[in-house]
Amino acid sequence: MNDNTRTPLVSVVIPAFKGAFFEQMVRSVLDQTFRNFELIVVDDASPFDFSAILAKFGDTRITYHRNGQNLGGKNLSEAYRHACSFAKGKYIVLASDDDVYMPAYLERMVALAESNPGVSLFSCRVGHIDESGELRDAGVPVLPFE
């Protein structure tokens, strides 16, 4: 069955404004070992041409929307809330335009969520990458809470 003929289990939502690492971010989502997801990009009235970048991928799991005005500059929560309104998945990943995910990220998060049905929110270890792409800090893992 094609990934696009069923409702996605996971919706990865990105209110995008910055373009510096955007293409790398999208590639890291599309390269996930877990395949049943949709990637929702909401261009938050950015000066970057995200639609042209996304067109290069040619992946039908990607949907693109553009805000008429910038929401995140005034209220970042509103930008995420609006981006989430397009989600169809059982699970939602709140992503940023400069995040990069390890290949098994979605697979591991879905397994964690499925094995802990009473938990509503999960967080993961965050690494910090410098401008040259080098991992500088792997951070501390955060445990799920109920």
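Here the residue numbers are simple positions, counted from 1 along each chain's written sequence. In keeping with the predicted nature of the model, local features appear solely for residues at pLDDT of at least 70, side-chain atom pairs appear and are counted solely at 80 or more, and the whole-chain, interface and lining totals rest on all residues. Here the side-chain values reflect all heavy atoms present in the structure, with hydrogen atoms and water set aside.

Asker: Please explain the nonpolar core as it appears in this structure.
Answerer: Side chains of nonpolar character tend, in soluble globular proteins, to be buried together. Throughout, nonpolar core names a set of buried Ala, Val, Leu, Ile, Met, Phe, Trp, Tyr and Cys residues whose side chains join them through atoms within 4.5 Å. A simple rule labels every residue: compare its accessible area, found with a 1.4 Å probe on the protein chains alone, to the largest value its type can have, and call it buried under 20%, exposed over 50%, or partly exposed in between. Grouped together as the largest cluster of nonpolar side chains are 29 residues, with contacts concentrated most on V10, V12, F22, V26, L39 and L106. Of all the secondary-structure elements, those providing two or more residues to this core are β1 (10-16), α1 (22-30), β2 (37-43), α2 (50-57), β4 (91-94) and α4 (105-115). Other than its neighbours up to four places away in sequence, V10 contacts F34, N36, F37, E38, G89, Y91, V93, L106 and V110. A helix here means a DSSP run of H or I that spans at least four residues, while a strand means a run of E at least two residues long, and both kinds are numbered starting from the N terminus. In what follows, residue pairs with any heavy atoms lying within 4.5 Å of each other are defined as contacts.

Asker: Where do I start with helix α3 (residues 76-84) in this structure?
Answerer: An α-helical segment advances 3.6 residues per turn. Residues three or four places apart therefore align on the same side. When we look at burial in α3, the residues that qualify are A79, Y80 and A83. One side of α3 holds all its buried residues, which, seen down the axis, span an arc of 95 degrees. For α3, the elements touching its buried residues are β1, β2 and β4. At the N-terminal boundary of α3, the capping side chain belongs to N75, with an oxygen 3.0 Å from the backbone nitrogen of S77. Arc, as used here, means the arc of the directions from the helix axis to the C-beta atoms. Pairs of N or O atoms are called polar contacts if they sit within 3.5 Å, as long as, within protein, a hydrogen donor faces a hydrogen acceptor (for residues adjacent in sequence, only side-chain-to-side-chain pairs).

Asker: Would you take a moment to explain the confidence of the model for the protein for this structure?
Answerer: A low pLDDT score tells you not to read the predicted coordinates there in detail. pLDDT is a residue-level measure of predictor confidence that goes from 0 to 100. On average, the protein scores 87 in pLDDT, and the residues at 70 or more come to 83%. Counting interchain partners and residues more than four positions distant, the pLDDT-below-50 stretch residues 142-146 has eight contacts.

Asker: Is there a simple way to think about the packing of α1 against α2 in this case?
Answerer: The packing of two helices is summarised by the inter-axis angle and the distance between the axes. Look at α1 against α2: their axes get within 11 Å of each other, and the N-to-C directions meet at 35 degrees. Classified by chirality, the crossing of α2 by α1 is right-handed. Taken together, the residues of α2 that come into contact with α1 (itself represented by F22, E23, V26, R27 and L30) are F50, I53, L54, K56 and F57. Partitioned by chemical class, the residues of the contact of α1 with α2 number seven nonpolar, no polar and three charged. Where helices are involved, their axes are fitted lines through C-alpha atoms of the stretch in contact, as for all axes, and angles between N-to-C directions lie from 0 to 180°. Take the far helix as the reference: if the near one is turned anticlockwise from it by less than a right angle, the crossing is left-handed, and if turned clockwise, right-handed. Three classes are used, and their members are as follows: Ala, Val, Leu, Ile, Met, Phe, Trp, Tyr, Cys and Pro are nonpolar, Asp, Glu, Lys and Arg are charged, and the others, Gly among them, are polar.

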